[in-house]
Amino acid sequence: MLTSLLVPIILSAIALFFASFLSWMVLQLHRNDWKKMEKEDEFLKTMTDLNVPQGNYMFPGCDTPAEMKTEEYQQKWNNGPAGVMTVFPKVGMGKKLGLTFVYFLIVSFCLAYLSTLAIAPGAEFRVVFRFMSTAGLLVFLSSVVQHSIWFHNRIIGHIIESILYAAIVGIIFGFMWPVA
């Protein structure tokens, strides 16, 4: 049955990719997710002078749980600032867009596989839509919320996107579900 879902899998990935583009570029749901630092030039010069390599950093940072318990670390944490920072490699938009499409393709495939375990061929649109949109919402929204709890990301745009993505997947699979 999974082979009969190849077209909706591919169409879902394409539709999700374009919905993502619309979300970021037209609706600009993420416009306020990041703020420009005051004294950015000074910060960039310091980062360059320190030759900070790409990676994910937490500050204040520690190498072991024992270090986190030290008075010095606790004082740094309490005095602030505290946060996380990612230093990106020099990667072009093409690679990121390509990986985003691959992500949507894999998610669509996994949702299709999951659906074959729960929904019989010939199911009506409403049944397929409810199952696929619920499963899609769990996929698209779950990790974003947990990440926000720990790292204080702004997630309003992601919540709206997740609902939209879930509806897209539900509609495409609902209309293209194989007949009995």
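In this report, we go over the structure that sits alongside the text. (Residues numbered from 1 in each chain as written. Predicted model: local features only at pLDDT ≥ 70, side-chain atom pairs only at ≥ 80, totals over all residues. Heavy atoms only, no water.)

Focus: helix α5 (residues 93-118)
Line of reasoning, step 1. An ideal rise of 1.5 Å per residue puts 38 Å on 26 residues; α5 measures up with 38 Å between its terminal C-alpha atoms.
Line of reasoning, step 2. Residues Phe104, Val107, Ser108, Leu111, Ala112 and Ser115 constitute the buried set of α5. (Helix = DSSP H or I, 4+ residues; strand = E, 2+ residues; numbered from the N terminus. Expected span 1.5 Å × (residues − 1). Buried < 20%, exposed > 50% of the residue type's maximum accessible area, 1.4 Å probe, protein only.)

Details of the side chain of Ser148
Line of reasoning, step 1. With respect to the secondary-structure elements, Ser148 resides in helix α6 (residues 125-151).
Line of reasoning, step 2. Residue class for Ser148 comes out buried when judged on its relative accessible area of 14%.
Line of reasoning, step 3. In this view, Ser148 contacts Asn153 and Ile155; residues no more than four positions away in its chain are not counted. (Contact = heavy atoms within 4.5 Å.)

Some points on the pattern of salt bridges
Line of reasoning, step 1. Overall, the coordinates contain 4 salt bridges when judged by the stated rule.
Line of reasoning, step 2. With a shortest N-O distance of 2.8 Å, Asp49 and Lys45 are connected by a salt bridge. Separated by 4 residues within a single helix, Asp49 and Lys45 lie in helix α2 (residues 40-50), roughly one turn from each other.
Line of reasoning, step 3. Lys76 is the partner of Glu72 in a salt bridge, and the nearest nitrogen-oxygen pair spans 3.9 Å. Here the residue Glu72 and the residue Lys76 both occupy positions in helix α4 (residues 71-79), the gap between them amounting to 4 residues, near one helical turn.
Line of reasoning, step 4. The partly exposed category is assigned to Lys76, whose relative accessible area is 43%. (Salt bridge = Lys/Arg side-chain N within 4 Å of Asp/Glu carboxyl O.)

Digging into the packing of aromatic side chains
Line of reasoning, step 1. Applying the stated criterion to the full structure yields 10 aromatic pairs.
Line of reasoning, step 2. Each ring, one from Phe125 and one from Phe129, has its centre 5.7 Å from the other, and the planes form 15 degrees; the classification is stacked. With Phe125 and Phe129 both in helix α6 and 4 residues apart, the pair spans about one turn of that helix.
Line of reasoning, step 3. Every member of this aromatic cluster is reached through a ring pair, and the members are Tyr103, Phe104, Phe140 and Tyr165.
Line of reasoning, step 4. One cation-aromatic arrangement involves Lys96 over Phe88; the distance from NZ or CZ to the ring centre is 5.0 Å. (Phe/Tyr/Trp six-rings, centres within 6.5 Å; stacked < 30°, edge-to-face > 60°. Lys NZ or Arg CZ within 6 Å of the ring centre and 35° of its normal.)

Thoughts on the packing of helix α1 (residues 6-26) against helix α7 (residues 156-176)
Line of reasoning, step 1. At a minimum axis separation of 10 Å, α1 and α7 run at an interaxial angle of 155 degrees. What the angle tells us is that α1 and α7 run roughly antiparallel. As α1 runs across α7, the sense of the crossing is right-handed. Across the interface between the two elements, Val7, Pro8, Ile9, Leu11, Ser12, Ala15, Leu16, Ala19, Ser20, Ser23 and Trp24 of α1 pack against Glu161, Leu164, Tyr165, Ile168, Val169, Ile172, Phe173 and Met176 of α7.
Line of reasoning, step 2. Tallied by class, the residues present in the contact of α1 with α7 amount to 15 nonpolar, 3 polar and 1 charged. (Axes fitted to C-alpha atoms, helices over the stretch in contact; angles between N-to-C directions. Parallel < 35°, antiparallel > 145°, perpendicular 65-115°, else oblique. Left-handed = near helix turned anticlockwise from the far one by under 90°. Nonpolar A, V, L, I, M, F, W, Y, C, P; charged D, E, K, R; others polar.)

Topic: the nonpolar core
Line of reasoning, step 1. In terms of nonpolar packing, the biggest core is built from 20 residues, with Leu16, Phe140, Val169 and Phe173 touching the most fellow members.
Line of reasoning, step 2. No other element matches the 5 residues that α7 contributes to this core. (Core = buried A, V, L, I, M, F, W, Y, C linked by side-chain atoms within 4.5 Å.)

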